[in-house]
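# Overview (structure and organization)
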Amino acid sequence: MEDRTQQEQASPEVRERVQDSFALQGLMSHLGARLAHIGPGRVHIVLPVRPELTQQHGYVHAGATSTIADSAGGYAALTLFDEDSEVLTVEYKINLLAPAAGDHLEAIGTVLKPGRTLTVCQLEVYGVQPDGTRKLVANGQQTLIRVNRPTT
């Protein structure tokens, strides 16, 4: 049975806020990453594999793998805060479990423990083959801090 949190969608207002913020991230745009799911406390980011993202052995570079994991966790936390809040990563630990290969990578950030100030997220990255076969290539944990949105 599939976990209900994988299907549940965030409200339209939260989805729009996350999408708007994601669109401002130059690195996500540069990598070619896109949001695939925005749910309460859970965000999926997809990264199509292309030669520019690989290391010398042809696998997706650990830096790209870690980057999408970090952003997935940050946006998962952001879904649980009000519109006057932003989040920043305090720390994260990532374990690279297998070479990151496939048609695309999918990073999933899931809030484990929300808090008023600090939030802890689980990070997972899967290599996904063209036939849909998935392999866990990285996992980790992240701590984020809630900050007030800067006034302009």
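None of these values were measured; they are calculated from a predicted model. (Residues numbered from 1 in each chain as written. Predicted model: local features only at pLDDT ≥ 70, side-chain atom pairs only at ≥ 80, totals over all residues. Heavy atoms only, no water.)

Within soluble globular proteins, side chains that are nonpolar generally end up buried alongside one another. Within the largest apolar cluster, 36 residues are counted, with the highest numbers of intra-cluster contacts made by I45, L47, I68 and V125. With eight residues, the top contributor of residues to this core is helix 3 (residues 62-78). If near-sequence neighbours (up to four positions away) are discounted, L47 is found in contact with L31, G32, A33, L53, A64, I68, H104 and L105. (Core = buried A, V, L, I, M, F, W, Y, C linked by side-chain atoms within 4.5 Å. Buried < 20%, exposed > 50% of the residue type's maximum accessible area, 1.4 Å probe, protein only. Helix = DSSP H or I, 4+ residues; strand = E, 2+ residues; numbered from the N terminus. Contact = heavy atoms within 4.5 Å.)

This part is about helix 1 (residues 12-23). In an α-helix there are 3.6 residues to a turn, and that puts residues three or four apart on one side. Over its 12 residues, helix 1 runs 16 Å from end to end, which matches the ideal 16 Å to within 8%, given 1.5 Å per residue. Those residues of helix 1 not exposed but buried are V14, R17, V18, S21 and F22. Projected onto a plane normal to the axis of helix 1, the buried residues spread over an arc of 130 degrees and lie on a single side. Residues of helix 1 that are exposed and point more than 90 degrees away from the buried face comprise P12, E13 and A23. Next to the buried residues of helix 1 lie helix 2 (26-31), strand 1 (34-39), strand 2 (42-48), helix 3 and strand 3 (85-96). (Expected span 1.5 Å × (residues − 1). Arc of directions from axis to C-beta.)

Looking now at the side chain of Q142. Secondary-structure assignment places Q142 in strand 6 (residues 134-148). Here the side chain of Q142 touches D70 through a polar contact of 2.7 Å, side chain to side chain. A distance of 3.4 Å separates polar atoms of two side chains, one belonging to Q142 and the other to T89. Contacts of Q142, omitting those with residues within four sequence positions, involve D70, G73, G74, T89, E91, Y92, T119, V120, C121 and L123. (Polar contact = N/O pair within 3.5 Å; in protein donor to acceptor, adjacent residues only side chain to side chain.)

With antiparallel pairing, six strands are arranged side by side in an open sheet as 1-2-4-5-6-3. The strands lining the two open edges of the sheet, one partner per strand, are strand 1 and strand 3. Taken pair by pair, the neighbouring strands of this sheet meet at an average axis angle of 20 degrees, ignoring direction. Sitting on the sheet, helix 1 is in contact with strand 1, strand 2 and strand 3, with an inclination near 155 degrees to strand 1. (Pairing = 2+ DSSP bridges. Axes fitted to C-alpha atoms, helices over the stretch in contact; angles between N-to-C directions.)

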